[in-house]
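# An overview of the molecular structure
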Amino acid sequence: MEQAVIDILGDIPMPRRRAQFLREVLSGDQLEQTAAELVAAGNAGRLSSDDAERLAKRFPMAYGQDAYLMRAQLAVMWYAGYLMEQGIQVDCDVTVAASYQMPRVMRSIKVLRFAPGLAAKIDSHEFILRDSEEERAIRAATVLGAQAMAQHLGVSEHAMVNTLWQNRHACGAIPYHLTITTDY
């Protein structure tokens, strides 16, 4: 299965772990049941962090190991975006996806500033341990900063995340923090 993941997705990090995620999601009929629930929620015009939590409970290996539920919330946001592209209005009430790119973008526009020691680690491409105090601080600051930006600009949090993500290449040479994880 690991080689199949590489054959299909290319040389991605942690292919064995990602193969485990796929086995979990594709086994049984859980995917169909979960998809039906998301379709019903989307057709009702509302997707929320409850839907992300449901994904995490149904697929704990693939979605539930990250306290921020980043992948689960991204899945819900992407589905909401798909519905909106189809002309279906949907309210998507999820928290900010604390990915590896968001703090980089927010740092480039001076929304986030890191302590000198942490900034030096990031700038020198030093690994920051998964679930360390530093990594949790980066992710928490990302959530709070993006929420504050969304509130200030009068847009939804998922719209703010989408805007930040779409502009991730405008940051130039500003590095992102390096953490070995499949959480984001």
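This text follows the structure it describes.
Given the structure is predicted, the values throughout are model-derived calculations rather than measurements.

### What to know about the environment of Glu-157
Examined against the element boundaries, Glu-157 turns out to sit in helix H10 (residues 157-166). The spacing of Glu-157 and Val-96 is 61 residues in sequence and 6.0 Å in space, taken between C-alpha atoms. Look past the residues within four positions of Glu-157 in its chain and what remains in contact with it is Val-94, Thr-95, Val-96, Gln-147 and Ala-150.

### Comments concerning the pattern of salt bridges
In this structure the tally under the stated criterion is nine salt bridges. The partner of Arg-54 in a salt bridge is Glu-37, and the shortest N-O contact between them spans 3.1 Å. Taken together, the residues span a long stretch of sequence, with Arg-54 in helix H4 (residues 49-58) and Glu-37 in helix H3 (residues 30-43) at a distance of 17 residues. Given the relative accessible area of 32%, Arg-54 is considered partly exposed.

### Observations concerning the packing of aromatic side chains
Taken as a whole, this structure holds three aromatic pairs when the rule is applied. For the ring pair Tyr-79 and Tyr-82, a centre distance of 6.4 Å and an interplane angle of 20° mean the geometry is stacked. Taken as a pair, Tyr-79 and Tyr-82 lie in helix H6 (residues 70-85) at a separation of three residues, close to a single helical turn. Owing to a relative accessible area of 19%, Tyr-79 belongs among the buried residues under this scheme. On the basis of relative accessibility, which here comes to 45%, the residue Tyr-82 falls in the partly exposed class.

The rules behind the values
Residue indices follow the written sequence of each chain, beginning from 1 at its first position. The model is predicted, so local features are restricted to residues of pLDDT at least 70 and side-chain atom pairs to those at 80 or more, both for listing and for counting; the totals for chains, interfaces and linings are taken over all residues. Think of the side-chain values as coming from all heavy atoms in the structure, minus any hydrogens and water. Each helix is a run of DSSP H or I of at least 4 residues and each strand a run of E of at least 2, with the numbering of both proceeding from the N terminus. Here a residue-residue contact requires only that any non-hydrogen atoms of the pair lie within 4.5 Å. The term salt bridge refers to a side-chain nitrogen of Lys or Arg lying within 4 Å of a carboxyl oxygen of Asp or Glu. The buried label applies to any residue whose accessible area, calculated with a 1.4 Å probe on protein chains only, is under 20% of its type's maximum; exposed applies above 50%, and partly exposed to all values in between. Two rings belonging to Phe, Tyr or Trp (six-membered ring only in the last case) form a pair when the distance between their centres is within 6.5 Å. Interplanar angles under 30 degrees mark stacking, angles over 60 mark edge-to-face geometry, and anything in between is tilted.

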